[in-house]
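Here's the letter readout for the chains.
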Amino acid sequence: MTVFLSQIMNGIQNGVIYASLGLAIVLIFRTTGILNFAQGEMALFSTYVTWELTRLGLPVWLAIIVSMILAFIGGALIERIVIRPFEQSSPLVLVIVTIGLFLAFNALAQLFFGVEAKALPRAYPDRNWLIGGVSLRSDTLVLIAVLAVECLLLWALLQRTKVGLALRAVASNADSARLLGVSAATMLMLGWGLAAALGCLAGALVVPTTSGLTAGSMQGILVFAFAGVALGGFDSPIGAVVGGLIIGIADALTRQYVPALAGIEIIVPFGLILVVLLLRPQGLFGHVKVERV
Amino acid sequence: MSLLEVRSLRAGYGPVEVLRGIDFHVDEGEVVVILGANGSGKTTTLRALSGMVETSGEVVFDGRSIAGARPEQVAQAGVAHVPQGRGTVTDLTVEENLRLGAYTRRDKEVGTDLERWYEMFPRLAERRQQQAGGMSGGEQQMLAIARAMMARPRLVLLDEPSLGLAPLITQGLFRTLGDMNRDLGTSMLVVEQNATLALAIATRGYVLETGEIVVEGTATELAGNDDVRKAYLGI
Ligand SMILES: Nc1ncnc2c1ncn2[C@@H]1O[C@H](COP(=O)(O)OP(=O)(O)O)[C@@H](O)[C@H]1O
Ligand SMILES: [Mg+2]
């Protein structure tokens, strides 16, 4: 029982990490209709910026806030400079552009920050409580709390504000939104900026819980984050969270209980996705497009 | 001075010129109709006014030039555009579509207006929380018109509101447009193929043929014009 609960805890710990990045992926998809494969590497690069700021003497929490602001500006500029010229292109072209961004940011990170692992300190004390033999880490608690606040703010922004309405409208029908007075250009930049800032926060909170920051830090996470989003539904923030958690827990339990799959545990979460998508192509929480003409 | 004054307006798509220099105007409180067959350039005319296609020429709205302005700037200036095909934001609910219509407003009376348009179009009230894309064509046309009015515009551009709708629904729609013009004084520019209904609510009109205006006059004059009667009234 203890082993089982410990593995669930591990799964949750990883799951919230996938969910944090998944949330950024959902945000860009919801607001611009693009699947951003570079989300992980953008987070990687901005986490290096966080690290650089701590090296300059900023306290970690301040470094995180400053790098989130820089990431927001960077994300908005990427939309304006890199994505905008492909506005009229097919979704396939945009996928290739974001994969190009993925490679570019990874290469830039190695170029500017070298290949050896960087240690990024935690913004909070590292604690570990034993509750009935199951260990509960402060890492897990902080990640869950931050994720919960992010979800709440994101929901409030998208569902309860005028800007959120405009963001969703542009994603759904940019021409109509513009005829109603919404500046689509501003909204697209805003969506990318917000997602980049969320990705930065995810990276800066995740890296201290790992063995250090390297150019490969985000790649495994990105794959699982995408898996979680596919499971939960590409347009649903709640889906990103639930999907990320399911993937994290399924992965942890497989590692513990199915030794036959050692080394290829990844097929369990992906098998799960296959089944869900066969039964519910829009994902667990995704929406179907309703259209009648 | 007219509310909307258009002089030598040209527009097209790439090398193809569709509008070959047209002049027209809409005075405050008028309903002006532009009649034209399929492909004559009606949609292009409205898209040119809203800054959605490459144009040259003069477009003066309320004393200010809006030639070359972006669609969102034209909307902010007080021009609402009900596009061909209705432009429903399908992923939003009916109510969210209506609230989006008020995007350019800064006042606190959006809720009051919302109730007023629900009263005018009870079908929309029944479906306020439904995804807008799931409604019938007629309901989506009502939504598009109510959404345009939520902006409290000075001028509404309507692109073939009758397209794809049953005759009875179209009649109701035009009656509503006429009421709105009379009660609120909102000026309208309607482009249509359905001359009977459009001329019934219009003050004046123009006939557009392959990108040029060939006839203009009061609604009564147009309804009596032999060419118009042959081409658009089927008489
Ligand atoms: N996006 C476009 N690209 C190229 N040509 C177009 C485009 N839209 C319309 N046209 C052409 O412009 C002409 C006028 O079209 P349009 O303004 O839609 O006419 P109407 O609304 O009166 O039916 C037509 O010949 C049409 O083929
Ligand atoms: Mg047309």
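As the structure is a prediction and not an experimental result, all values here were calculated from the model.

The rules behind these values
- Residues numbered from 1 in each chain as written.
- Chains lettered and ligands numbered in written order.
- Predicted model: local features only at pLDDT ≥ 70, side-chain atom pairs only at ≥ 80, totals over all residues.
- Heavy atoms only, no water.
- Helix = DSSP H or I, 4+ residues; strand = E, 2+ residues; numbered from the N terminus.
- Rg over C-alpha atoms; globule rule 2.2 N^0.38 Å.
- Buried < 20%, exposed > 50% of the residue type's maximum accessible area, 1.4 Å probe, protein only.
- Contact = heavy atoms within 4.5 Å.
- Areas by Shrake-Rupley, 256 points an atom, 1.4 Å probe, with all protein chains shown as cover.
- Near = heavy atom within 4 Å.
- Polar contact = N/O pair within 3.5 Å; in protein donor to acceptor, adjacent residues only side chain to side chain.
- Phe/Tyr/Trp six-rings, centres within 6.5 Å; stacked < 30°, edge-to-face > 60°.
- Pairing = 2+ DSSP bridges.
- Axes fitted to C-alpha atoms, helices over the stretch in contact; angles between N-to-C directions.
- Donors = N, O, S within 2.8 Å, 3.2 Å for Na, K, Ca; no water.
- Buried area = accessible area lost by both parts, 1.4 Å probe.
- Salt bridge = Lys/Arg side-chain N within 4 Å of Asp/Glu carboxyl O.

## Digging into the overall build of chain A
Line of reasoning, step 1. Within chain A one finds 11 helices and two strands.
Line of reasoning, step 2. Of the regular secondary structure in chain A, the N- to C-terminal order runs α-α-α-α-β-β-α-α-α-α-α-α-α.
Line of reasoning, step 3. Taken over the C-alpha trace, chain A has a radius of gyration of 19 Å; the compact-globule value for 293 residues is 19 Å, and the two agree within 12%.
Line of reasoning, step 4. With the C-alpha coordinates aligned to their principal axes, the bounding extent of chain A is approximately 60 × 50 × 35 Å.
Line of reasoning, step 5. Here chain A holds 293 residues, and 49% of them are scored as buried.
Line of reasoning, step 6. Sequence-distant contacts, at least 24 apart, represent 74% of the contacts inside chain A between residues at least 6 apart.
Line of reasoning, step 7. Entry remark: accessible area of chain A is about 13100 Å², with carbon and sulfur atoms responsible for 72%.

## So, the site of ligand 1
All names here are of chain B.
Line of reasoning, step 1. Every residue close to ligand 1 is listed here: Tyr13, Val18, Ala37, Asn38, Gly39, Ser40, Gly41, Lys42, Thr43, Thr44 and Gln84.
Line of reasoning, step 2. In this structure, an oxygen atom belonging to ligand 1 sits 2.8 Å away from a main-chain N or O atom of glycine 39.
Line of reasoning, step 3. One of the backbone nitrogen or oxygen atoms of glycine 41 is found 3.1 Å away from an oxygen atom of ligand 1.
Line of reasoning, step 4. Alone, ligand 1 offers 560 Å² of accessible surface; in the complex the protein occludes 57% of this.

## Some points on the packing of aromatic side chains
Residue and element names in this part refer to chain A.
Line of reasoning, step 1. Taken as a whole, this structure holds 13 aromatic pairs over all chains when the rule is applied.
Line of reasoning, step 2. Taken together, a centroid distance of 4.6 Å and an interplanar angle of 5° make the contact between tyrosine 48 and phenylalanine 113 stacked. Highlighted residues: tyrosine 48 in helix H2 (residues 39–55) and phenylalanine 113 in helix H4 (residues 91–113), separated in sequence by 65 residues. Phenylalanine 113 carries the same exposure label as tyrosine 48, and that label is buried.

## Concerning the sheet that holds strand S2 (residues 16–26) of chain B
Residue and element names in this part refer to chain B.
Line of reasoning, step 1. Strand order in the open sheet formed by four strands is S2-S1-S4-S5, with antiparallel pairing between adjacent strands. Each of the sheet's edge strands pairs with one partner strand only, and the pair in question is S2 and strand S5 (64–65).
Line of reasoning, step 2. With two bridges connecting them, strand S4 (residues 54–61) and S5 associate as antiparallel partners. Among the inter-strand pairings, phenylalanine 61 is bridged to a residue of S5, identified as arginine 64.
Line of reasoning, step 3. Along the sheet face, helix H1 (residues 42–49) touches strand S1 (4–13), S2 and S4 and points at about 115° away from the line of S1.

## Remarks on the coordination of the magnesium ion (ligand 2)
Residues and elements named next belong to chain B.
Line of reasoning, step 1. At 2.0 Å from the magnesium ion (ligand 2) lie its protein donor atoms, namely Thr43 (OG1) and Gln84 (OE1). Of this pair, threonine 43 sits in helix H1 while glutamine 84 sits in the loop between strand S6 (79–82) and helix H3 (94–101), and the two are 41 residues apart along the sequence.
Line of reasoning, step 2. What makes threonine 43 partly exposed here is its relative accessible area of 24%.

## A closer look at the interface of chain B and chain A
Line of reasoning, step 1. Taken together, the 31 residues of chain B in the interface contact 23 residues of chain A.
Line of reasoning, step 2. Contact with chain A buries area across many residues of chain B, yet Glu72, Leu100 and Tyr103 of chain B alone supply 26% of it, more than any other trio.
Line of reasoning, step 3. Applying the counting rule to chain B against chain A returns two salt bridges.
Line of reasoning, step 4. Across the salt bridge formed by glutamate 96 of chain B and arginine 168 of chain A, the nearest N and O atoms sit 2.9 Å from each other.
Line of reasoning, step 5. Run the count over chain B and chain A and you get eight residue pairs in polar contact (both at pLDDT 80 or more).

## A closer look at the environment of glutamate 41 of chain A
Residue and element names in this part refer to chain A.
Line of reasoning, step 1. Assignment of secondary structure puts glutamate 41 in helix H2.
Line of reasoning, step 2. The class for glutamate 41 is buried, based on a relative accessible area of 0%.
Line of reasoning, step 3. Taking C-alpha positions, glutamate 41 is 8.1 Å from leucine 101, a pair spaced 60 residues apart along the chain.
Line of reasoning, step 4. With near-sequence residues (within four places) excluded, glutamate 41 lies in contact with Phe102, Phe105, Asn106, Ala215, Met218 and Gln219.

## With respect to the sheet that holds strand S10 (residues 212–218) of chain B
Residue and element names in this part refer to chain B.
Line of reasoning, step 1. One open sheet accounts for six strands, arranged S6-S7-S8-S3-S9-S10; its pairing is mixed. What marks the edges here is a single partner per strand, and that holds for S6 and S10. In this sheet, neighbouring strand axes are inclined to one another by 15° on average, regardless of whether the strands run parallel or antiparallel.
Line of reasoning, step 2. One ladder, built from six bridges, connects strand S9 (residues 204–209) with S10; its direction is antiparallel. Each bridged residue has a counterpart across the sheet, and for leucine 208 the counterpart in S10 is isoleucine 213.
Line of reasoning, step 3. Contacting S6 and strand S7 (155–159), helix H6 (residues 137–149) crosses the sheet at an angle of about 170° to S6.

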